[in-house]
Amino acid sequence: QVQLVESGGGLVQAGGSLRLSCAASGRTFSSYAMGWIRQAPGKEREFVAAISWSGGNTYYADSVKGRFTISRDNAKNTVYLQMNSLKAEDTAVYYCAAGLVAGNSHTGYNYWGQGTQVTVSS
């Protein structure tokens, strides 16, 4: 069992930056691939980024490539999403999720956090 708690969301102007964190409980965090998935109002969930259990492989949606960076610290049971050059279309609730395989999809995750709101004003 893995419990996930996101933090770091908020209101930022377009062009600004935010760093999201996701703290995981449980001793098996380092065994899981981690992902960030977002959902904007009235839209379906959308894959943002993912990272393998070791951190050696990362995946990004085309819409965030070059602006967002996913990383993890297995010693701290935490995964991060550094978001730069934010745009109004990045506004969404951001969820972190844990699964067995990293990839560029929003499906296949076993555990989900409650989400953190990111609002980008234009």
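Details of the structure are given in the entry above.
Everything numeric in this text was worked out from a predicted model, so none of it was measured. (Residues numbered from 1 in each chain as written. Predicted model: local features only at pLDDT ≥ 70, side-chain atom pairs only at ≥ 80, totals over all residues. Heavy atoms only, no water.)

K.L.:
Would you take a moment to explain the overall build of the chain for this structure?
P.N.:
Within the chain, the regular secondary structure consists of zero helices and 11 strands. Start at the N end of the chain and walk to the C end: the helices and strands fall as β-β-β-β-β-β-β-β-β-β-β. A compact globule built from 122 residues would reach a C-alpha radius of gyration of about 14 Å, and the chain, at 13 Å, matches this within 12%. C-alpha atoms of the chain, sized along the principal axes, occupy 40 × 25 × 25 Å. With 122 residues in all, the chain has 45% of them scored as buried. Summarising the internal contacts of the chain: among those between residues at least 6 apart in sequence, 58% fall at separations of at least 24. (Helix = DSSP H or I, 4+ residues; strand = E, 2+ residues; numbered from the N terminus. Rg over C-alpha atoms; globule rule 2.2 N^0.38 Å. Buried < 20%, exposed > 50% of the residue type's maximum accessible area, 1.4 Å probe, protein only. Contact = heavy atoms within 4.5 Å.)

K.L.:
Where do I start with the sheet that holds strand β3 (residues 18–24) in this structure?
P.N.:
Strand pairs in the sheet, formed through backbone hydrogen bonds, run parallel or antiparallel to each other. Spatial strand order, β1-β3-β8-β7: four strands in an open sheet with antiparallel pairing. Two strands bound the open sheet, and with one partner strand each, they are β1 (4–7) and β7 (68–73). Averaged over all adjacent pairs, the angle separating strand axes in this sheet is 15°, with direction ignored. Pairing geometry for β1 and β3, over four bridges, is antiparallel. Each residue of the ladder has a partner; that of V5, found in β3, is A23. (Pairing = 2+ DSSP bridges. Axes fitted to C-alpha atoms, helices over the stretch in contact; angles between N-to-C directions.)

K.L.:
I would appreciate a short explanation of the packing of aromatic side chains in the present structure.
P.N.:
By convention here, two paired aromatic rings are described through the distance between centres and the angle between planes. One pass over the full model with this rule turns up three aromatic pairs. Geometrically, the ring pair formed by Y32 and Y111 is edge-to-face, given 5.8 Å between the ring centres and 85° between the ring planes. With Y32 in the loop between β3 and β4 (33–39) and Y111 in strand β10 (residues 109–112), this pair connects stretches of sequence that are 79 residues apart. Note on Y32: relative accessible area 12%, which makes it buried. With centroids separated by 6.3 Å and ring planes inclined at 75°, the aromatic side chains of Y95 and W112 adopt a geometry described as edge-to-face. Remark: W112 occurs in strand β10 and Y95 occurs in strand β9 (residues 92–99); sequence separation between them is 17 residues. A relative accessible area of 13% places Y95 in the buried class. Overall, the relative accessible area of 27% leaves W112 in the partly exposed class. Linked through ring pairs, Y95, Y109 and W112 together constitute an aromatic cluster. Between R45 and the ring centre of W112, over which it is positioned, the NZ or CZ distance is 4.5 Å. Over the ring of F29 we find R72, and its NZ or CZ is 4.5 Å from the ring centre. (Phe/Tyr/Trp six-rings, centres within 6.5 Å; stacked < 30°, edge-to-face > 60°. Lys NZ or Arg CZ within 6 Å of the ring centre and 35° of its normal.)

K.L.:
What should I look at first to understand the state of the cysteines in this one?
P.N.:
Put plainly, a disulfide is one covalent bond tying together the sulfur atoms of two cysteines. In this structure the tally under the stated criterion is one disulfide. C22 shares a disulfide with C96; S-S distance 1.9 Å. Torsion about the S-S bond of the C22 and C96 cystine: about 40°, corresponding to right-handed handedness. Placement of the pair is C22 in strand β3 and C96 in strand β9, with a sequence separation of 74 residues. Comparing C22 with C96, the two get one shared label, buried. (Disulfide = S-S within 2.5 Å.)

So yeah, pure geometry; function would need other evidence.
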